[in-house]
There are 2 protein chains.
Amino acid sequence: MPTIKEVAKMAEVSSATVSRFLNNSGYVGEEARKRILKVIEETGYVPSENAKSLRTKQTKVIGVILPKISTETSSRLVRGLDEVLAKEGYQILLANSGLSAEKEIEHLRLLKSRDVDGIILSATTNGAGLKAEIQRLDIPVVVVGQEVDDTPNVIFDEYQAAKDMVKHLIDHGHERIGFIGVSEEDPAVGVLRKKGYLQAMQERNLPIEESWIEKGIFDVESGAVAMERMMGAAIPPTAVFAVTDRLAIGAMNYVKSIGLRIPEDIAFAGIGASELSRYITPSLTTMDYQNKESGRVAAGLILEAIKSGGNSPEKRLINVRLLQGDSV
Amino acid sequence: MPTIKEVAKMAEVSSATVSRFLNNSGYVGEEARKRILKVIEETGYVPSENAKSLRTKQTKVIGVILPKISTETSSRLVRGLDEVLAKEGYQILLANSGLSAEKEIEHLRLLKSRDVDGIILSATTNGAGLKAEIQRLDIPVVVVGQEVDDTPNVIFDEYQAAKDMVKHLIDHGHERIGFIGVSEEDPAVGVLRKKGYLQAMQERNLPIEESWIEKGIFDVESGAVAMERMMGAAIPPTAVFAVTDRLAIGAMNYVKSIGLRIPEDIAFAGIGASELSRYITPSLTTMDYQNKESGRVAAGLILEAIKSGGNSPEKRLINVRLLQGDSV
DNA sequence: CTGAAAGCGCTTACAG
DNA sequence: CTGAAAGCGCTTACAG
């Protein structure tokens, strides 16, 4: 493939003129226009965005850092992002942090070195290191999923969502409610959702047993393991709130395997509105976080930040919706 | 953030020396080394990959074109790709074709204009236009999922997989077997899997009723609709093979809703090894296409092509595995 | 061991 | 309406 210079020579014009033609900037004579077009068609010339970026100082690419590249949550988020970004001519450069805080920072730098116009970070923590790095980077960054001060932010009311879900359980007559959480290194999922659970119980003057509180990692299997432990309690709970659908589903699988009926013997609720929650039997009561919508909003925020040239530390709260299944 | 020139000035060396330091190419004196390091640390300087690419003619990014950004298949593929690509210092530039053949070609060009080192295309068709465009592009491209001549290719034996699955059904005593397919514009899923079904039936001398052959799109809902139509047949089938898990699951949902038991009254099989297939009740018998592995293989192929500088038209067949569920 | 200079493929004032 | 020239931030022979 030729360069702009070669195209210019073949069309017997200067490369400046070809550039004008390409970008529709400035006048290009009818004759010149025709010759250029012809050469481009014949050669299949495509301008190098890379070289262009070097001059124009914008690459039209947005870096996206995901905690895990292949979760439902991530793919929905990316879909939302792509939906609005593609329309504006932006492409997505993907990076996988693998749930590691150091990798998040490493990728922030890597993306910066690629001269991306902005970065969307789906974060798993919100440590001081992260915040410092974002400041230092000096390009638009929007953080999704964790609250980070002084940074454009797309967040969910994790605390309220968890509290609402537990109250939903209580409203269905449950008093002994178990909890399956995750590591408290994750402020949003680990800390806030647990706090919501505790608060709901307390507000309704319900007892909390240590043995009803379990922890898993982000998969089905660990939900089952946690549930098995919980069923060893002196008085097992009649309902369980798990902080993710997968955890809830693992827990359900375990109680099914020991012959209990859901929801008659024990009820379950999760968070995430996973496709699984919908098609499992019984379907799982869960919270829809509208990840795709959060992607759209994040894309809007980054576009705004790029245009205005500054990180207005705007926080956008995504609405969550309770989806009633047959598990309660 | 400074440029290399500014770093050079601050460290009282030339930019050539800074470059040597950065890339570990050529000698850099101990003193100079120290001063440069200091400046870099103080300023947080990160070299521009973009400018670098312009000189070195490689960007270390691989374009990935996906039919749909948020399907399980796509995310597994990307995970496999990222696993090996990241290790080699490559990043992934994502593009979403939205199942449209024109968009596939458009993105091929778009990625080329970004000077990507190679492109992985998860294709939905294999038309002549696509092939021509790939030739024309003149950069390494590997196509996943559809067979395209003269191009590195990662494919599955769709025909055999479908045939094996239908035979599995037959081996379980079924003779009246229905089929839910997709549009035959998709050579792999639409044509080959159907052919496998027809061939299996024929080889075992089993009758095929027109009314047992239905078509859906790639979602659960259309599987249910197709199944409803199929149950209108004079003699309904005792087993159904659907070309995707989602189609199969939709179909299962429909027969459950009219009170039939699975697999006693009617059996089901799908393809895809989706997470859903595993956790649905009853679990679905399906084919594991090992998408993540196919991603790894595709990444290997593109790396090879980049190194060798040519598209050796190598075809790699990914093994598929039958996963027995309780739906048969 | 190090620097000056050219060049990668573009765009953009400036001049005509 | 169009071209010559400078410059974006790097790397890389070449010379010393």
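- Chain A is annotated in an unreviewed UniProt entry as DNA-binding protein of Rossellomorea marisflavi.

### Re the interface of chain B and chain A
- Taken together, the contacts link 47 residues of chain B with 47 residues of chain A.
- Of the roughly 3,900 Å² buried between chain B and chain A, counting both surfaces, carbon and sulfur atoms make up 53%.
- In this assembly, chain B and chain A are joined by two salt bridges.
- Note that Glu275 of chain B and Arg246 of chain A form a salt bridge whose closest N and O atoms lie 2.3 Å from each other.
- Where chain B packs against chain A, one counts 16 residue pairs in polar contact (both at pLDDT 80 or more).
- Classifying every residue of the side of chain B that touches chain A gives 19 nonpolar, 14 polar and 14 charged.
- Bridge analysis of strand 2 (residues 91–96) of chain A against strand 2 (residues 91–96) of chain B gives three bridges, and the strand direction is antiparallel. When the bridges of strand 2 of chain B are listed, Leu94 of chain A appears paired with Ile92 of chain B.

### Details of the protein's contact with DNA strand D
- In the region of DNA strand D, 27 residues are neighbours, and Arg20, Gly29 and Arg55 of chain A together with Ser19 and Arg55 of chain B sit closest.
- The sugar-phosphate portion of DNA strand D accounts for 65% of its atoms within 4 Å of the protein, the bases making up the rest.
- Within the contact set of DNA strand D, a base oxygen lies 2.6 Å away from a side-chain nitrogen or oxygen of Arg55 of chain B.
- Going through the elements one at a time, helix 2 (15–23) and helix 4 (49–56) of chain A together with helix 2 (15–23) and helix 4 (49–56) of chain B are the ones with two or more residues in the surface near DNA strand D.
- Here the surface near DNA strand D gets five residues from one element, more than from any other, and that element is helix 4 of chain B.
- Split into classes, the residues belonging to the surface near DNA strand D amount to 13 nonpolar, eight polar and six charged.

### A closer look at the protein's contact with DNA strand C
- For DNA strand C, the set of nearby residues contains 27 residues, the closest of which are Ser19 and Arg55 of chain A together with Arg20, Gly29 and Arg55 of chain B.
- Across the atoms of DNA strand C situated within 4 Å of the protein, the share located in sugar and phosphate is 64%.
- Residue Arg55 of chain B places a side-chain N or O atom 3.2 Å away from a base nitrogen belonging to DNA strand C.
- Interatomic distance of 3.1 Å between a side-chain N/O atom of Lys57 of chain B and a sugar or linking oxygen of DNA strand C.
- At the level of elements, helix 2 and helix 4 of chain A together with helix 2 and helix 4 of chain B are the ones that each hand at least two residues to the surface near DNA strand C.
- The element best represented in the surface near DNA strand C is helix 4 of chain A, accounting for five residues.
- The residue inventory of the surface near DNA strand C, partitioned by class, reads 13 nonpolar, eight polar and six charged.

### Here's the deal with the relation of the copies chain B and chain A
- With an axial shift of 0.0 Å and an RMSD of 0.0 Å, the rotation relating chain B to chain A amounts to 180 degrees. In the structure described here, the two chain copies are related by an operation that fits a two-fold rotation axis.
- Interface overlap between copies: 100% of the residues of chain B at the interface are likewise at the interface in chain A, consistent with a symmetric, same-surface contact.

### Concerning the sheet that holds strand 9 (residues 267–269) of chain B
Residue and element names in this part refer to chain B.
- Pairing is parallel in the open sheet, where four strands are placed in the order 7-6-8-9. Taken across any chain shown, the strands that pair with only one partner, and hence form the sheet edges, are strand 7 (213–215) and strand 9. Averaged over all adjacent pairs, the angle separating strand axes in this sheet is 20 degrees, with direction ignored.
- Summarising the sheet, strand 6 (residues 177–181) and strand 8 (residues 239–242) pair through four bridges and their orientation is parallel. Looking at strand 8, one finds that Ile177 is bridged to Ala239.
- Here helix 9 (residues 187–203) sits on the sheet in contact with strand 6, strand 7 and strand 8, set at roughly 170 degrees to strand 6.
- The strands that helix 11 (residues 245–257) touches are strand 6, strand 8 and strand 9; relative to strand 9, the one it contacts most, it runs at about 165 degrees.

### Comments concerning the nonpolar core
- Met227, Phe241 and Phe268 of chain A together with Leu85, Met227, Phe241 and Phe268 of chain B are the most contacted members of the largest nonpolar core, which has 141 residues in total.
- When residues no more than four places from it in sequence are discounted, the contact partners of Met227 of chain B are Ile180, Val240, Ala251, Tyr254, Val255, Ile266 and Phe268 of chain B.
- Of all hydrophobic cores here, the second largest spans 35 residues; its members include Val116, Leu121 and Leu130 of chain A together with Ile119 of chain B.

### Examining the sheet that holds strand 9 (residues 267–269) of chain A
Residue and element names in this part refer to chain A.
- Taking strand neighbours across the sheet as the criterion, the four strands line up as 7-6-8-9 in an open arrangement whose pairing is parallel. Across the chains shown, the open sheet's two edge strands, defined by having one partner strand only, are strand 7 (213–215) and strand 9. Pairwise comparison of adjacent strand axes, ignoring direction, gives a mean angle of 20 degrees for this sheet.

### Concerning the pattern of salt bridges
- Scanning the entire structure with this criterion turns up 40 salt bridges over all chains.
- Note that Asp265 of chain A is salt-bridged to Arg261 of chain A, the shortest N-O span being 3.0 Å.
- Among the residues examined, Asp265 of chain A registers a relative accessible area of 31% and is labelled partly exposed.
- Beyond isolated ion pairs, a larger network of salt bridges with shared partners links Glu72, Arg76 and Arg246 of chain A together with Glu275 of chain B.

### As for the side chain of Asp82 of chain B
- Counting through the fold element by element, Asp82 of chain B comes out in helix 5 (residues 72–87).
- At 7.1 Å, Lys103 of chain A is the nearest oppositely charged side chain to Asp82 of chain B, a buried residue that forms no salt bridge.
- Once you skip the residues sitting within four places of it in the chain, Asp82 of chain B turns out to touch Ile69 and Asn96 of chain A together with Lys87 and Ile92 of chain B.

### Side note on helix 5 (residues 72–87) of chain A
All names here are of chain A.
- Its 16 residues place the ends of helix 5 23 Å apart at the C-alpha level, agreeing with the 22 Å of an ideal helix rising 1.5 Å per residue.
- Residues of helix 5 that are buried: Ser74, Ser75, Arg76, Leu77, Val78, Gly80, Leu81, Asp82 and Leu85.
- The positive-phi residue at the C-terminal boundary of helix 5 is Gly89, with phi of around 85 degrees.

### Observations regarding the side chain of Thr124 of chain B
Residues and elements named next belong to chain B.
- Along the polypeptide, Thr124 turns up in the loop between strand 3 (118–122) and helix 7 (128–137).
- Within the structure, Thr124 has its side chain in polar contact with the side chain of Glu104 (distance 3.0 Å).
- Once you skip the residues sitting within four places of it in the chain, Thr124 turns out to touch Pro67, Leu99, Glu104, Gln146, Glu185, Asp186 and Pro187.

### Looking at the pairing of strand 5 (residues 153–156) of chain B
All names here are of chain B.
- Where burial is concerned, the two faces of strand 5 agree: the one with Asn153 and Ile155 and the one with Val154 and Phe156 are both buried.
- Pairing geometry for strand 5 and strand 11 (residues 315–318), over four bridges, is parallel. The partner of Phe156 across the bridge, within strand 11, is Ile318.

### Some points on the packing of helix 5 of chain B against helix 13 (residues 291–308) of chain B
Residue and element names in this part refer to chain B.
- Helix 13 packs onto helix 5 with a crossing angle of 45 degrees between their chain directions and a minimal axis gap of 7 Å. Regarding the angle of helix 5 to helix 13, the classification is oblique. Both helix 5 and helix 13 take part in a crossing whose hand is right-handed. Residues Thr73, Arg76, Leu77, Arg79, Gly80, Leu81, Glu83, Val84 and Leu85 of helix 5 form the contact with helix 13, whose own contacting residues are Asn291, Lys292, Ser294, Gly295, Arg296, Ala298, Ala299, Gly300, Ile302 and Leu303.
- Classifying every residue of the contact of helix 5 with helix 13 by side-chain character gives eight nonpolar, six polar and five charged.

The rules we used
- Residues numbered from 1 in each chain as written.
- Chains lettered and ligands numbered in written order.
- Predicted model: local features only at pLDDT ≥ 70, side-chain atom pairs only at ≥ 80, totals over all residues.
- Heavy atoms only, no water.
- Contact = heavy atoms within 4.5 Å.
- Buried area = accessible area lost by both parts, 1.4 Å probe.
- Salt bridge = Lys/Arg side-chain N within 4 Å of Asp/Glu carboxyl O.
- Polar contact = N/O pair within 3.5 Å; in protein donor to acceptor, adjacent residues only side chain to side chain.
- Nonpolar A, V, L, I, M, F, W, Y, C, P; charged D, E, K, R; others polar.
- Pairing = 2+ DSSP bridges.
- Helix = DSSP H or I, 4+ residues; strand = E, 2+ residues; numbered from the N terminus.
- Near = heavy atom within 4 Å.
- Least-squares fit on C-alpha atoms with pLDDT ≥ 70 in both.
- Axes fitted to C-alpha atoms, helices over the stretch in contact; angles between N-to-C directions.
- Core = buried A, V, L, I, M, F, W, Y, C linked by side-chain atoms within 4.5 Å.
- Buried < 20%, exposed > 50% of the residue type's maximum accessible area, 1.4 Å probe, protein only.
- Lys, Arg positive; Asp, Glu negative; His and termini not counted.
- Expected span 1.5 Å × (residues − 1).
- Parallel < 35°, antiparallel > 145°, perpendicular 65-115°, else oblique.
- Left-handed = near helix turned anticlockwise from the far one by under 90°.

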